[in-house]
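Breakdown of the fold
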Amino acid sequence: MTEQRRHGKALETAIFDATIAILDADGLDGVTFSKVAARAKTSRPVIYRHWDSPFTLALEAIRNKIRQTNNGHLQDVPFTGQNLSDDLSQVLQRYRVIMDTYSQYYVSLLLAGANSDHTSILDDMFDHGNQENIETMTLILNRAIARKEIKGDTFDDETKLLPFEWLRYHLFTATKVSDNQLNTFIQHILIPVYT
């Protein structure tokens, strides 16, 4: 019996799963198109058609892992909070999942990003992530306005990025954020800032 050729999402999933397995076992240096193709049971030309380098493939595989773990993108959160504190907690819990996933690979990505070919890719990724975070905070603040918790959204981008920057700081320092720390940050820092 011959194996049926996979296409589309099934093939992409196999490639991403293979890439993550190699990242976990051998690190970023171990990710090559040959290894990924062999593990995913596909051909190198298939991979070459979709990704410019093992680095870009690794980044997309990590993003895919985050989307799977987090049930979608950060801005896809169906907010269910009763107040600003609840909404902030909900989004930051999900963002913590993103940071926890990136933390497994972050140092090797940054070192590889020092390569001039990869610097612009990482810059674009951070810029895109910041824009998504700003949009998410705008949604949260608009919900707070509708509930009359705050008068209006007069916050600049830096203020909207504050919660995410705080969690990223913990990523850089390789320290985990507990539920208690997150709640304290929301109640004693974020709520006073936004209200």
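So, a few notes on the structure that sits alongside this text. For every chain, the first residue of the written sequence is number 1, and numbering continues from 1 along that sequence. A pLDDT threshold of at least 70 governs which residues receive local features in this predicted model, and a stricter bar of 80 or more applies before side-chain atom pairs are shown or counted, although totals over entire chains, interfaces and linings include all residues. Computation of side-chain values: all heavy atoms of the structure, hydrogens and water removed.

1. Some thoughts on helix H1 (residues 8-26)
- By definition, any uninterrupted DSSP run of H or I lasting at least four residues is a helix, any uninterrupted run of E lasting at least two residues is a strand, and each is numbered from the N terminus. By definition here, a helix of n residues has an expected span of 1.5 Å times n minus one. The end-to-end C-alpha separation of H1 is 27 Å, in line with the 27 Å expected for 19 residues at 1.5 Å each.
- Any pair of residues with heavy atoms lying within 4.5 Å of one another is described as a contacting pair. Residues of H1 that are buried make contact with helix H2 (33-40), helix H3 (44-50) and helix H4 (54-69).
- One or two steps after H1, the chain reaches Gly27, where phi turns positive at roughly 80°.

2. Some remarks on the pattern of salt bridges
- Any Lys or Arg side-chain nitrogen found within 4 Å of a carboxyl oxygen on Asp or Glu counts as a salt bridge. Considering all chains together, one arrives at 9 salt bridges under this definition.
- The residue Arg147 makes a salt bridge to Glu149 at a minimum N-O spacing of 2.6 Å.
- Here's how the labels work: a residue is buried when its accessible area is under 20% of the maximum for its type, exposed when over 50%, partly exposed in between, all with a 1.4 Å probe on protein chains only. On the basis of relative accessibility, which here comes to 29%, the residue Glu149 falls in the partly exposed class.
- Among the ionic pairs, Lys160 bridges to Asp153, the shortest N-O distance being 2.9 Å.
- With a relative accessible area of 7%, Lys160 lands in the buried category.
- Of the residues examined, Asp153 reaches a relative accessible area of 27% and is grouped as partly exposed.
- It is possible to trace a salt-bridge network through shared partners that takes in Asp87, Arg143, Arg147 and Glu149.

3. Brief notes about the packing of aromatic side chains
- The pairing test for Phe, Tyr and Trp rings, Trp by its six-membered ring, is centres within 6.5 Å, and the orientation test on the planes gives stacked under 30 degrees, edge-to-face over 60, and tilted for anything in between. For the structure shown, the criterion picks out 5 aromatic pairs.
- Centre to centre, the rings of Phe16 and Trp51 are 5.7 Å apart; their planes meet at 65°, and the pair counts as edge-to-face. Of this pair, Phe16 sits in helix H1 while Trp51 sits in the loop between H3 and H4, and the two are 35 residues apart along the sequence.
- On the basis of relative accessibility, which here comes to 3%, the residue Phe16 falls in the buried class.
- Between Phe33 and Tyr48 the ring centres are 4.8 Å apart and the planes differ by 90°, which places this aromatic pair in the edge-to-face class. Pair noted here: Phe33 is in helix H2 and Tyr48 is in helix H3, with a separation of 15 residues, a long-range link.

Limitation: the analysis is restricted to geometry and does not speak to function.
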